[in-house]
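# Observations on the three-dimensional arrangement
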Amino acid sequence: MNNESLKQALSSSAETHVTVSEELHQRVMRSVRLSASRDEAIKPRRSLPAWGLGMAATAVAVFMLVYTAPVSPPVPDVSIEIAAITAMDKILASLQQETVLPEQELRKELERLKSDLARFDFRS
Amino acid sequence: MSATQTTSEQDLIDRARKGSVDAFEQLVLRYQDRLYRFLLARTDNRADAEDALQEAFVAAFRHLSSYRSRYRFSTWLFTIALRQLGRLTKRHPGQEDLHDSIVCENPGPEQLGIQDQHKYSLWRSARDCLSDQQFTALWLFYVEEMQLVEIGSAMKRPVSWVKVNLMRSRRRLLQVLQNENSEHSTNRGEVTL
């Protein structure tokens with residue numbers, strides 16, 4: 001027996017001619033109908049009409065737009081920053097000028113501090 | 001399969017998806033014999049085959065929305081039937097089969113006929129000498145005339161596995177048949193002598 005005759009024998013065997021009885025078909029269909037009705041009962045009923053769903057969707061969209069707007073980082077204003085830097089530069093320059101004191105003034109201040117220190121009584 | 005039949009089948013599937021049991025019944029009528037033959041040959045037990053058939057069609061109806069037309073509807077149905085068969089085997093492991101139950105010690109002419117028919121049935125031999133998976137692949141290939149890809153899809157196996165196992169099954173079956181034939185002819189020779 002070669003492959004071809006095997007193929008012929010397998011496809012024409014008695015097992016390949018069995019048919020489903022009417023009784024079995026009815027049994028299958030009864031189960032299918034039962035399953036269909038069970039699924040129908042489990043399925044949640046839609047209580048909102050279509051226009052209601054539309055309104056709800058719009059409300060959600062508005063809410064999202066108002067309360068969940070994307071937060072963008074502030075755009076730095078370059079001119080303001082330059083002005084601030086210039087002002088700070090001026091202040092620093094003036095402070096520098098003020099701190100340059102003559103030596104005599106510094107000595108006077110030192111003497112004053114010394115006399116204050118001498119007058120200060122630790123034991124009191 | 002003609003284009004008209006495919007279209008009308010798709011139409012039936014669409015209607016059944018929307019919940020039409022009548023449309024689904026048309027699909028059942030188209031495929032129930034093919035599915036039942038396979039299940040009966042695989043289980044060799046009428047009750048199991050009937051249960052598997054019923055459960056397969058119920059599962060198919062419930063999960064019809066998951067069917068994609070990439071493969072034929074029959075391939076999808078056979079995939080479901082194979083799954084049901086797997087569940088059934090787990091539920092009743094080692095169940096006595098129909099063939100064993102009809103063998104008796106003192107058979108009458110009717111029983112002898114049944115036994116003889118079983119003895120020389122090719123699929124009977126296939127069931128005896130092949131694994132369940134090999135038997136399924138062989139059936140789907142020769143009886144259902146499925147393509148290797150479809151068999152692989154139905155059995156959740158790669159195409160290479162299907163090819164190799166079909167080849168092994170054929171070889172094994174031919175070997176068994178040759179042995180059976182030689183035994184048969186030897187027996188006939190003894191009777192003649």
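What you see is a predicted model; the values in this text were computed from it and never measured.

Along its length, chain A carries five helices and zero strands. Along chain A, helices and strands appear, N-terminal first, in the series α-α-α-α-α. Split into buried and exposed, the 124 residues of chain A put 12% on the buried side. By element, 64% of the accessible surface of chain A is carried by carbon and sulfur atoms, the whole surface being about 11,000 Å².

Attention now moves to the packing of aromatic side chains. Under the counting rule described, the total for this entry stands at 12 aromatic pairs over all chains. The ring centre of Trp161 of chain B lies 4.5 Å from the NZ or CZ of Arg157 of chain B, which sits over that ring.

Two quantities define a packed helix pair, namely the angle between the helix axes and the distance between the axes. All names here are of chain B. For the pair helix 2 (residues 21-43) and helix 3 (residues 46-62), interaxial distance at closest approach is 9 Å and the crossing angle is 145°. The crossing of helix 2 and helix 3 is right-handed. Seen from helix 2, the contacting residues are Val21, Phe24, Val28, Tyr31, Gln32, Leu35, Tyr36, Leu39, Leu40 and Thr43; seen from helix 3, they are Arg46, Asp48, Ala49, Glu50, Ala52, Leu53, Phe57, Ala60 and Phe61. Partitioning the contact of helix 2 with helix 3 into residue classes produces 14 nonpolar, two polar and three charged.

Here the focus is the environment of Trp123 of chain B. Within the fold, Trp123 of chain B resides in helix 7 (residues 122-129). Note on Trp123 of chain B: relative accessible area 1%, which makes it buried. Considered as a pair, Trp123 of chain B and Leu173 of chain B are 50 residues apart in the sequence and their alpha carbons are 9.5 Å apart. Apart from the residues lying within four places of it in its own chain, the contact partners of Trp123 of chain B are Leu10, Ser13, Glu15 and Thr16 of chain A together with Phe135, Leu138, Trp139 and Val143 of chain B. Reaching out from Trp123 of chain B, the side chain makes a polar contact with the backbone oxygen of Leu10 of chain A at a distance of 2.8 Å.

Once that is clear, we can look at the nonpolar core. Counting 65 residues, the largest nonpolar core has Val32 of chain A together with Phe24, Leu53, Phe57, Phe73 and Leu138 of chain B as the members making the most contacts within it. Residue contributions to this core peak at 12 residues, all from helix 2 of chain B. Residues contacting Leu53 of chain B, with those up to four places away along its chain left out, are Val20, Leu24 and Val28 of chain A together with Gln32, Leu35, Tyr36 and Leu39 of chain B.

At the interface, 27 residues of chain A touch 33 residues of chain B. In this assembly, chain A packs against chain B so that about 2,800 Å² is buried in total across both faces, 66% of it on carbon and sulfur atoms. The interface formed by chain A and chain B contains three salt bridges. Between Arg33 of chain A and Glu25 of chain B there is a salt bridge, with its nearest N and O atoms 3.3 Å apart. Joining chain A to chain B, the criterion identifies 11 residue pairs in polar contact (both at pLDDT 80 or more). When residues of the side of chain A that touches chain B are assigned to their parent elements, the largest contribution, 11 residues, is made by helix 2 (residues 22-42) of chain A. The class makeup of the residues in the side of chain A that touches chain B is 12 nonpolar, 10 polar and five charged.

What counts, and where the lines are drawn
For every chain, the first residue of the written sequence is number 1, and numbering continues from 1 along that sequence. Chains carry letters and ligands carry numbers; both start at the beginning, A for chains and 1 for ligands, and go up in the order they are written. Local features in a predicted model are, by the rule used here, given only for residues with pLDDT of at least 70; side-chain atom pairs are given and counted only at 80 or more, and totals for whole chains, interfaces and linings are based on all residues. Just so you know, side-chain values use all the structure's heavy atoms and leave hydrogens and water out. Numbering of helices and strands runs from the N terminus; a helix is a DSSP stretch of H or I covering at least four residues, while a strand is a stretch of E covering at least two. Burial classes: relative accessible area under 20% of the type maximum marks a residue as buried, over 50% as exposed, and values in between as partly exposed (1.4 Å probe, protein chains only). Residue burial considers only the protein chains on display, and all accessible areas are found by Shrake-Rupley using a 1.4 Å probe. Two rings belonging to Phe, Tyr or Trp (six-membered ring only in the last case) form a pair when the distance between their centres is within 6.5 Å. Interplanar angles under 30 degrees mark stacking, angles over 60 mark edge-to-face geometry, and anything in between is tilted. A positively charged side chain is recorded as over a ring if its NZ (Lys) or CZ (Arg) lies within 6 Å of the ring centre. The angle to the ring normal must also be within 35 degrees. In this analysis an axis means a line fitted to C-alpha atoms, helices contributing only their contacting stretch, and an angle means the value between N-to-C directions, from 0 to 180 degrees. Take the far helix as your reference; a near helix turned counterclockwise from it by less than a right angle gives a left-handed crossing, and one turned clockwise gives a right-handed crossing. Residues are treated as being in contact if the distance between any of their heavy atoms lies within 4.5 Å. Residues are sorted three ways: Asp, Glu, Lys and Arg are charged, Ala, Val, Leu, Ile, Met, Phe, Trp, Tyr, Cys and Pro are nonpolar, and all the rest, Gly among them, are polar. In protein, a polar contact means a hydrogen-donor-capable atom and an acceptor-capable atom, both N or O and within 3.5 Å, with residues adjacent in sequence counting only if both atoms are side-chain atoms; elsewhere, any N or O pair within 3.5 Å suffices. Within this scheme, the nonpolar core is defined by two criteria: the residues are buried Ala, Val, Leu, Ile, Met, Phe, Trp, Tyr or Cys, and they are joined through side-chain atoms within 4.5 Å. When two parts are put together, the accessible area they lose, computed with a 1.4 Å probe and summed over both, is reported as buried area. By convention in these notes, a salt bridge is any Lys or Arg side-chain nitrogen within 4 Å of a carboxyl oxygen on Asp or Glu.

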